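Listed below, chain by chain, are the residues.
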Amino acid sequence: MILLDVLASNPKLEGFINSLIEQGSHLGWTIIKAIIVFVVGRFIIRVINKLVRRILTKRDFDPSVKTFVGSLVNVTLMILLIISVVGALGVQTTSFAALLASAGVAIGMALSGNLSNFAGGLIILLFKPYKVGDYIESQGVGGTVREIQIFHTILLTADNKNIFIPNGSLSSGVVTNIGNEPTRRVEWTFGVEYGSDYEHVKRVIESVLAQDARVLNEPAPFIALSALADSSVNVVVRVWVKSSDYWGVYFDTNKAIYATFNAEGIGFPFPQLTVHQAKD
């Protein structure tokens, strides 16, 4: 009652409180609208992302294209959602667009690296130096390509680590694609003692290779005496295998050569240093 009497005796105060209540209710409704737009927008984005993935899967697109397009669609929809939320908050979208345009130069300079990564992703998809599933080496690391996103390529290493490499570096740098060809060449250099019978060593190596069905007959295995080193006679061995068999053949042949050389009496040399002492 006292408050009503005060308001009745002071019209200005009453008008101020009524204006405050009106503005507060308008602000609250604006915030609620923005929240509704955000929640509904996030739901729509999830639905569209699922739909895009489903369409790309049905059309049997390359996995590299699927990950890139999916990432691009998601980022674009998120930008549109942010603009919609800003509009729901009462900010004029035209003013907001003008603000973005005026800040475009500064944003472009700040995001120049990401823009080059985006362009690099397009170059990778266009020229396909690698694709999802290939094993590549670049920037001092190596791994299987897991995803090609709009800014980064994700590699999965042999010890199950995810490495994010900027697309700009991959499109302009050196990339070694190991998994692109169906076959690979395996190479060893075996050192034997001086005085060993080279022809005997060669026959033993040929027998070890002949017992491994993973070693391809064409191109034929190559065995040659490569160097007379300080402490050993080095024999180089080169064979061709399927890319998937590379490491298995490499390690299994090392084990077989070690066991067979010992059984055949072929010695492995140790580094030696001869010191001559001068007499007074």
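Remember, it's a predicted structure, so these values are computed and weren't measured experimentally.

Trainee: I'd like a rundown of the overall build of the protein, residues and numbers included.
Mentor: Within the protein, the secondary structure is distributed over nine helices and eight strands. Put simply, the protein has 280 residues, and 25% of those count as buried. Across the protein, the fraction of contacts at a sequence separation of at least 24, relative to all contacts at a separation of at least 6, is 64%. Taken as a whole, the protein presents about 18,600 Å² of accessible surface, with 62% of it coming from carbon and sulfur.

Trainee: Let's hear about the pattern of salt bridges: which residues, and what values?
Mentor: All chains considered together, the criterion is met by six salt bridges. Asp 159 is the partner of Lys 161 in a salt bridge, and the nearest nitrogen-oxygen pair spans 3.6 Å. For Arg 214, the salt bridge goes to Asp 212, with nearest N and O atoms at 3.0 Å. Through salt bridges with shared partners, a single network forms among Arg 185, Glu 187 and Arg 238.

Trainee: With reference to specific residues and values, describe helix H8 (residues 198-210).
Mentor: An ideal rise of 1.5 Å per residue puts 18 Å on 13 residues; H8 measures up with 18 Å between its terminal C-alpha atoms. Regarding H8, the residues found buried are Val 201, Val 204, Ile 205, Val 208 and Leu 209. For H8, the buried positions fall inside an angular range of 135 degrees around the axis, keeping them on one side. Capping of H8 at its N-terminal end is provided by Asp 197; its side-chain oxygen lies 3.2 Å from the backbone amide nitrogen of Glu 199.

Trainee: A description of the packing of aromatic side chains should follow, citing residues and the corresponding values.
Mentor: Taken as a whole, this structure holds nine aromatic pairs when the rule is applied. With 5.9 Å between their ring centres and 80 degrees between their planes, Trp 247 and Tyr 250 make a pair best called edge-to-face. Here the residue Trp 247 and the residue Tyr 250 both occupy positions in helix H9 (residues 246-264), the gap between them amounting to three residues, near one helical turn. Clustering of aromatic rings is evident, with ring pairs tying together Trp 188, Phe 190, Tyr 246, Trp 247, Tyr 250, Phe 251, Tyr 258, Phe 261 and Phe 268. Above the face of the Tyr 246 ring, Arg 184 is positioned so that its terminal group lies 3.7 Å from the ring centre.

Trainee: Go over the environment of Gly 120, please, and point to the residues and values.
Mentor: Assignment of secondary structure puts Gly 120 in helix H6 (residues 112-127). For the pair Gly 120 and Asn 167, spaced 47 residues apart in the sequence, the C-alpha separation amounts to 4.9 Å. The residues touching Gly 120, leaving out its near neighbours within four places in the chain, are Asn 167, Gly 168 and Ser 171.

Trainee: Which residues make up the sheet that holds strand S1 (residues 135-138), and what values go with them?
Mentor: Pairing is antiparallel in the open sheet, where five strands are placed in the order S4-S3-S2-S1-S5. Since the sheet does not close on itself, it has two edges, and those belong to strand S4 (162-166) and strand S5 (176-177), each with one partner. Bridge analysis of strand S2 (residues 141-148) against strand S3 (residues 152-156) gives four bridges, and the strand direction is antiparallel. Among the inter-strand pairings, Thr 144 is bridged to a residue of S3, identified as Leu 156.

Trainee: So what's going on with the pairing of S2? Residues and values would help.
Mentor: Bridge analysis of S1 against S2 gives four bridges, and the strand direction is antiparallel. Looking at S2, one finds that Glu 137 is bridged to Gly 142. Linkage of S1 to S2, two consecutive antiparallel strands, is achieved through a turn of two residues, within which Gln 139 is found at a positive phi near 55 degrees.

Trainee: I'd love a proper account of the sheet that holds strand S7 (residues 222-228), names of residues and values included.
Mentor: Neighbouring strands of a sheet are bound in pairs by backbone hydrogen bonds; such pairs are parallel or else antiparallel. Spatially, three strands are ordered S6-S8-S7 in an open sheet, and the strand pairing comes out antiparallel. Looking along the sheet, the strands with just one partner apiece sit at the ends: strand S6 (183-192) and S7. Shown here is a sheet whose adjacent strand axes are inclined to one another by a mean of 25 degrees, direction ignored. Sheet strands touched by H8: S6, S7 and strand S8 (233-242). Its angle to S7, the strand with the most contacts, is close to 140 degrees.

About the criteria used
Residues numbered from 1 in each chain as written. Predicted model: local features only at pLDDT ≥ 70, side-chain atom pairs only at ≥ 80, totals over all residues. Heavy atoms only, no water. Helix = DSSP H or I, 4+ residues; strand = E, 2+ residues; numbered from the N terminus. Buried < 20%, exposed > 50% of the residue type's maximum accessible area, 1.4 Å probe, protein only. Contact = heavy atoms within 4.5 Å. Areas by Shrake-Rupley, 256 points an atom, 1.4 Å probe, with all protein chains shown as cover. Salt bridge = Lys/Arg side-chain N within 4 Å of Asp/Glu carboxyl O. Expected span 1.5 Å × (residues − 1). Arc of directions from axis to C-beta. Polar contact = N/O pair within 3.5 Å; in protein donor to acceptor, adjacent residues only side chain to side chain. Phe/Tyr/Trp six-rings, centres within 6.5 Å; stacked < 30°, edge-to-face > 60°. Lys NZ or Arg CZ within 6 Å of the ring centre and 35° of its normal. Pairing = 2+ DSSP bridges. Axes fitted to C-alpha atoms, helices over the stretch in contact; angles between N-to-C directions.

That's the geometry; what it means functionally is another story.
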